[in-house]
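Examining the three-dimensional arrangement
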Amino acid sequence: MASRIDGIEKPQVTLGESSVLNLFRKQNQSSEPKRLFLDLGDLGDLVNPHGPHEQWQDHGLGLLRTILHNNGLLTDVASTRACTTWDEVRETVRGYDMVIMNVRSYTFPVGKRAAEIFKEENPNGIILAGGMHATVALDEMLEIDAFDKICQGPGEKIIVDLVRNPDKFPRVILGVGAKSMAEWPMMDRELWPKPASRHLKKEFNWPMEPECGWGPPPVATIITSRVCPWQCVFCNENSYIPNMGRRPVDMVIDELNYLDDKYGVGSVVIHDSMFFQNPRWLEEWIDKYPRRANKLWPYWAAGRADTVRQWPDLFEALVRQTNWKLISIGFESGSDRVLRILNKECTEEDNFFAIDLLNKIAEEMEAEGEEPPVFWSNIMLGIPGEEREDAFKTLRMLKYMKRVFPSISFYAPYPGSALGYQLIAEGKSRMSKENYHRFPDDEKVIGVDYAFYRELLAGKYDDEVNAGLGELQQRRQHDFMAALAKA
Ligand code: B12
Ligand code: SF4
């Protein structure tokens, strides 16, 4: 077992050799409490991951640890993703006085189990838990006695006091965030957990991130904005993430240049929920990124079809001048009826406008000898109220796209979203505390005919889907089943 503790020179400790680890800890004992930031995710994801996205690092953990360390509050880091068994997790958390966790809904089951194990091993230890799930499903967090302190909302302005003096706080704490992301320190990426197998280490480029097919490695993930102002009922982040100013363009570029000088950067993934918002910021990005960045790294970033239609010139300038190569659009559906159910505030027409525009730009760029941009197309199927014809229209829309990575998931009723809360209240959600289904092909809602959707993706209804499509588009072979599994 490779060690998952920062600062240890990889003492290849195995379970039977746990005494080595304990010896090391004893040697390092001081009057300071021993604190651990436990990164959460499925067991094995940093050892032998199923896919690239499981390996991505957690900016919440990175930011909070950076703030703590800048204030002299040192923490070790470990990850459930770097363990392959729960016994290893037990071994990892043993001997700590405090553990800190960022719990999202999809990591809640792992967080819960790890917290219970921590308490079994360290009955006097304290657990500080925060993150999305604390904000959107406080009742489920409260049920877990092991969570001593539960922080809702942002934590950057409270984490130092909380870690220093946890006893001064009640069990449930309202977090305090920065007014602007300009106040966030530059994250120290070496505070992220390391990949935990020899094979993964080779390709990971830690503390940068591995290639996932979106651009050359090493990959730098960054966040320039924290919240999206729209209110899609399956997401509506702005109902639970407080608004905050965007990270200034210069700071984003400075950070990328710093990372490039120190580690090398091959491409960038902008993890914002909604990159294509705030035209003034985007205009400044167009002006400065090509001039000031060490290199015009290609990047992945997200937009909406309606705003592409609203600001087509801005969109085209971003694609052409800033190397926006992978354009993630939450198309979600090709049917107006379903788009209305989702309160997407985009129409079929908006979707086709965006598709035609990108098809045109890509063709022109190809003719000019440049690599064309490609859509990362987010699609949801199995939305309550969706009819078969709606789903046919969605796949028809996908086939109409010329250059696309389809990212298809069955709709998931996450707490925090309006539709998620509604389906949970109606008893129709299959997402349970033990298994917050987070895989794209999990069956997540009672009453949805998943057999139909699987057959649809396998090609059984191709005649219906192809009706109305041109011959060329009909021949476009997308592997929709693979897109569902990988999304
Ligand atoms: C980047 C991102 C991803 C990336 C990387 C994920 C990762 N490893 O971090 C990728 C693309 C892989 C991803 C995938 C998914 N994601 Co995602 N993702 C995001 C996104 C856009 C940004 C996350 C982020 O870094 N935020 C910035 C950091 C600083 O914020 P933070 O982590 O929340 O931490 C702050 C607070 O929570 C708090 N805090 C956190 N921990 C603690 C602890 C203590 C003690 C305290 C005091 C405070 C505190 O303080 C921090 C600073 O303010 C968010 C939306 C968003 N805007 O946040 C969605 C989001 C987290 N993702 C979400 C979902 C649903 C998913 C998927 C399940 C989607 C899918 N169906 O496939 C997958 C699952 C991935 C997996 N591995 O299983 C949901 C989670 C909903 C929920 N109720 O938890 C969100 C909120 C988006 C949404 N609205 O639906 N995601
Ligand atoms: S789905 Fe996209 S556009 Fe809608 S609220 Fe979420 S991030 Fe914003």
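Before any of the text, the structure's been laid out above.
Residues numbered from 1 in each chain as written. Chains lettered and ligands numbered in written order. Predicted model: local features only at pLDDT ≥ 70, side-chain atom pairs only at ≥ 80, totals over all residues.

Things to note about the site of ligand 2
Taken together, the residues surrounding ligand 2 are C228, W230, C232, C235, N236, E237, S273, M274, R304 and G330. The residue makeup of the shell around ligand 2, split by class, is five nonpolar, three polar and two charged. (Near = placed C-beta within 6 Å. Nonpolar A, V, L, I, M, F, W, Y, C, P; charged D, E, K, R; others polar.)

Some thoughts on the site of ligand 1
Lining the immediate surroundings of ligand 1 are 45 residues, of which G60, N102, G130, P154 and G155 lie closest. Residue assignment for the shell around ligand 1 shows that the elements contributing at least two residues are α2 (59-70), β3 (98-102), β4 (126-130), α5 (132-136) and α7 (159-164). Looking at the shell around ligand 1 element by element, the count peaks at four residues for α2. Here the shell around ligand 1 is built from residues that sort into 21 nonpolar, 17 polar and seven charged. Viewed by domain, the shell around ligand 1 spans two of them, domain 1 (15-174) and domain 2 (211-486), each represented by three or more residues. (Helix = DSSP H or I, 4+ residues; strand = E, 2+ residues; numbered from the N terminus. Domains from an automatic or database assignment.)

So, the nonpolar core
By size, the foremost hydrophobic cluster in this structure holds 128 residues, and its most contacted members are L38, V93, V99, A114, I127 and A129. Residue assignment places this core across two domains, with domain 1 (15-174) and domain 2 (211-486) each supplying three or more. Dropping the residues within four chain positions of it, V93 is found in contact with L36, L38, V99, A114, I117, F118 and E121. (Core = buried A, V, L, I, M, F, W, Y, C linked by C-beta atoms within 7 Å. Buried ≥ 20, exposed ≤ 12 C-beta atoms within 10 Å, placed from the backbone. Contact = placed C-beta atoms within 7 Å.)

Quick look at the sheet that holds strand β7 (residues 219-222)
Either a parallel or an antiparallel arrangement is found when strands of a sheet pair, and the pairing is made through backbone hydrogen bonds. With parallel pairing, six strands are arranged side by side in an open sheet as β7-β8-β9-β10-β11-β12. For this open sheet the edge positions go to β7 and β12 (404-410), each flanked by a neighbour on one side alone. Strand-to-strand twist across the sheet, computed as the mean angle between neighbouring axes with direction ignored, equals 20°. Across five bridges, the pairing between strand β9 (residues 299-303) and strand β10 (residues 324-332) is parallel. Following the sheet pairing, A301 is matched in β10 by I327. (Pairing = 2+ DSSP bridges. Axes fitted to C-alpha atoms, helices over the stretch in contact; angles between N-to-C directions.)

Side note on the packing of helix α9 (residues 249-262) against helix α10 (residues 279-292)
Two quantities define a packed helix pair, namely the angle between the axes and the distance from one axis to the other. Where α9 contacts α10, the two axes come as close as 9 Å, and the packing angle between them is 30°. The orientation of α9 with respect to α10, classified from their angle, is roughly parallel. Handedness of the crossing formed by α9 with α10: right-handed. Residue-level inspection shows V249, D250 and I253 of α9 in contact with α10, the latter providing W281, E284, W285, K288, Y289 and R292. Within the contact of α9 with α10, the residues separate by chemical class into five nonpolar, no polar and four charged. (Parallel < 35°, antiparallel > 145°, perpendicular 65-115°, else oblique. Left-handed = near helix turned anticlockwise from the far one by under 90°.)

Comments concerning the packing of helix α3 (residues 86-93) against helix α4 (residues 108-121)
Interaxial distance between α3 and α4 falls to 9 Å at its minimum, and their mutual angle equals 55°. Judged by the inter-axis angle, α3 sits oblique to α4. α4 is crossed by α3, and the crossing has right-handed handedness. Facing α3, whose interface residues are W86, V89, R90 and V93, α4 presents R113, A114, I117, F118 and E121. Each residue belonging to the contact of α3 with α4 can be placed in one class, and the counts come to six nonpolar, no polar and three charged.

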